[in-house]
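# Remarks on the overall topology
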Amino acid sequence: MGGHDDFDAFFRADFAPLVAFLCKAGFEVETARDAAAEAMVHALEAWHTLEDPRAWVRRVAGRLLDGTGDARADWTLAGDPRADHELAVLVDQHAGLIDLLASLPGRQRMVLAWSLDGFTPAQIADALRIAPATVRSTLRHVRERLRRLRAVRPGDQRDRER
C-alpha cells in the first residue's frame, strides 16, 4: 500500500462503515467504535504490507471482539463532529437491519455482515478462514431465516427460531 496520506484517506472513508459493519455483526456501538479504532491503529502499523485494507480491518476488529467479548482503545474519533454524524447516519440507516440481525446465530450474523459490506463469498471465506461452500450455504440459510422472520407479523407468537 501507499504512504500515510493513503492511510489517512482510507481511515476517513472506512472508519464509520467499519463501525456499522461491527454493529451489523451484533456489537454495541461503543464497543464497535473501540474495536474499529484499535483495528485502525493496527492497520497503520502494518499499512505497507496490507493488500486489502477493508477486509483486513474487519477481520482484525472481529478477532478483537471475539477474543475478549469487548475491545478498548485509547484512541477514537470522539469529538470529530463529521465522523460522529456519519456514524449516526449509518447506524440509523441500518437500525431495523441491526435488530433483525441480532436474532441470527453468530456465524450467520458475521457472514451476512461481510456480505452486506460488499464482499463476495470467496472473499468472506478467505477472511473468515472457512470454505466458500460454507459461506454460500450460510447465506442461503440466512436468506431463508430472514424471509421467515419477515413473514411473522408483529405480535405473532410463532416460534421465530425455526
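Details of the structure are given in the entry above.
This text gives an overview of the structure that appears in the document. (Residues numbered from 1 in each chain as written. Predicted model: local features only at pLDDT ≥ 70, side-chain atom pairs only at ≥ 80, totals over all residues. Heavy atoms only, no water.)

### A few points about helix H7 (residues 121-128)
- Those residues of H7 not exposed but buried are Ile 124, Ala 125 and Ala 127. An end-on view of H7 places all buried positions within 165° of arc, on one side of the element. With respect to the buried face of H7, the exposed residues turned more than 90 degrees away are Ala 122 and Asp 126.
- In the segment just after H7, Arg 129 is the residue with positive phi, at about 60°. (Buried < 20%, exposed > 50% of the residue type's maximum accessible area, 1.4 Å probe, protein only. Helix = DSSP H or I, 4+ residues; strand = E, 2+ residues; numbered from the N terminus. Arc of directions from axis to C-beta.)

### Structural notes on the environment of Ala 102
- Take Ala 102: it is sitting in helix H5 (residues 95-102).
- On the basis of relative accessible area, Ala 102 is assigned to the exposed category, the value being 53%.
- For the pair Ala 102 and Phe 27, spaced 75 residues apart in the sequence, the C-alpha separation amounts to 9.0 Å.

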